[in-house]
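What follows is each chain in one-letter form.
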Amino acid sequence: MDKTLITAHHLRGELNVPGDKSISHRAVMIGSIGEGTSEIDGFLNAADPRSTLECIRALGIETTLTSQTLRIIGRGLHGYHKPDAMLDAGNSGTTMRLLSGILSGQRFPSQITGDQYLLRRPMKRIIDPLTEMGAQIVGTDKFTAPLKIFPSDRLHAITYELPVPSAQVKSAILFAGLYAEGLTRVEESQPSRDHTERMLGLSSTSSHGKKIVAVEGGRRVEASRFFIPGDPSSAAFFIVAALIVPNSEVLIRNVGLNPSRTGFLETLRAMGGNIRMENERSIGGEPVGDILVTTSALHSDIVLKGSVIPNIIDEIPILAVAAAFAPGRFEVRDAFELRNKECDRIGAVCENLLLMGIDVEEFDDGFAFESNNNLIPSHFDSFGDHRIAMAFGVAAIGLPGESTLRESECVGISFPTFWDVLHTLAN
Ligand code: S3P
């Protein structure tokens, strides 16, 4: 559905962003292999985590979802039943990759597929390490989904250095490690988000500049009560919106502030953003706070590259939008991974920036541009990608006049009420 968006003259008010997507997926998966009933408060009831929920239901796990709480009755590591049909991960790479780790340890065969976007995304990154652990997992000739997973005689522990900095790959190996004989170790030279290790209570150490997370095979997973904070990646859209729209003041409550996710806040502060943290606290093992943002005179003279990239990987499109409204030269490098997301996000960002009248230079692993004072309203494309839709929805309200956005409904993947919230703040 095309959406028409007009210039906002202010953004004012308070909001709660929906629950963290990464933590929601993990809470469902951990609850489903836990011993007993887990309760999840703040579950993100959006298409992506619902894909995970549907998969574990298809695996015979009983769940009840009310407006307050998601209850999951886990039956331990081997409590799943063989599914009647192919599992469907929808648009969700996290569902497919993490669940494949768990499915590799099951005593029945399973298959997992996804939508047209997910079927294009690379799965070799999980097929390789899981195969090294003894799993029987095959994809297409191009190492994409659908994936077929056959029961293996036994999984064994490995030590694996991540060739790409990916929390999804790390987590798939750690989940499979629960089913393996021995101590599985995952080494990362560029730290990725650490929710899996936090939520499973795994120890991590550092050696020679690498982080090493270890999991003991056969380890019992306890049922838990999970409190899911607001998603910082969803908050990022309103933070940038409030920074670039004049006369704005927005308070976002209850946002997760896990340091492996908040690099974008430091970036925006370095660009001159007036962002204040209030009421910082810890909830369910994750740091949380309220974020107060006011309109700021941003500059975009910044190069984002190297080890910060995994931390800000989901925020690069909205950071590019912030930079589009600020003088200076903005450059992103070492971010080839962006081409493997829900769409090719480097291509999508460059195409939409060009439409706005920005002369952007595209690299294999990033892009660079200098903004100008003649930005023009545009017919943006979301490319069916929720984060591109929200980023250029924010751009649209900062531009003079009327813009449109193609396939705007894809925000339902992570933030179903996004357009309503934006509308309320602007009125
Ligand atoms: C996620 C990890 C990131 C991120 C994705 C969610 C997760 O992907 O882009 O939106 O929940 O582990 P990679 O770890 O593959 O970079």
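It should be emphasised that the depicted structure is a prediction, and the values quoted were computed from it without experimental measurement.

1. What about the sheet that holds strand β1 (residues 3-6)?
The strand order across the open sheet built from 3 strands is β1-β25-β24, with neighbouring strands paired in mixed fashion. At either end of the open sheet lies a strand with only one pairing partner, and these are β1 and β24 (379-381). Taking the axes of each pair of neighbouring strands and ignoring which way they run, one obtains an average angle of 30° across the sheet. Helix α12 (residues 386-398) contacts β1, β24 and β25 (402-406) of the sheet and is inclined by roughly 40° relative to β1.

2. Things to note about helix α3 (residues 93-103)
Of all 11 residues in α3, 11 are buried, a share of seventy percent or more. Where α3 is concerned, the buried positions are Gly93, Thr94, Thr95, Met96, Arg97, Leu98, Leu99, Ser100, Gly101, Ile102 and Leu103.

3. Notes on the sheet that holds strand β23 (residues 366-370)
The mixed open sheet is built from 4 strands, whose spatial order is β20-β21-β23-β22. With partners counted over all chains shown, the strands left at the sheet margins are β20 (302-304) and β22 (360-363), one partner each. For this sheet the average axis-to-axis angle between neighbouring strands, irrespective of direction, equals 10°. Two strands pair when backbone bridges link them, and β20 and strand β21 (residues 329-332) are joined in this way by 3 bridges, in the parallel orientation. Within β21, the position partnered with leucine 304 by the bridge is valine 332. Packed on one face of the sheet, helix α11 (residues 345-355) meets β22 and β23 and runs near 165° to β22.

Criteria and thresholds
Residues numbered from 1 in each chain as written. Predicted model: local features only at pLDDT ≥ 70, side-chain atom pairs only at ≥ 80, totals over all residues. Heavy atoms only, no water. Pairing = 2+ DSSP bridges. Helix = DSSP H or I, 4+ residues; strand = E, 2+ residues; numbered from the N terminus. Axes fitted to C-alpha atoms, helices over the stretch in contact; angles between N-to-C directions. Contact = heavy atoms within 4.5 Å. Buried < 20%, exposed > 50% of the residue type's maximum accessible area, 1.4 Å probe, protein only.

These results come straight from atomic positions and should not be treated as a statement about function.
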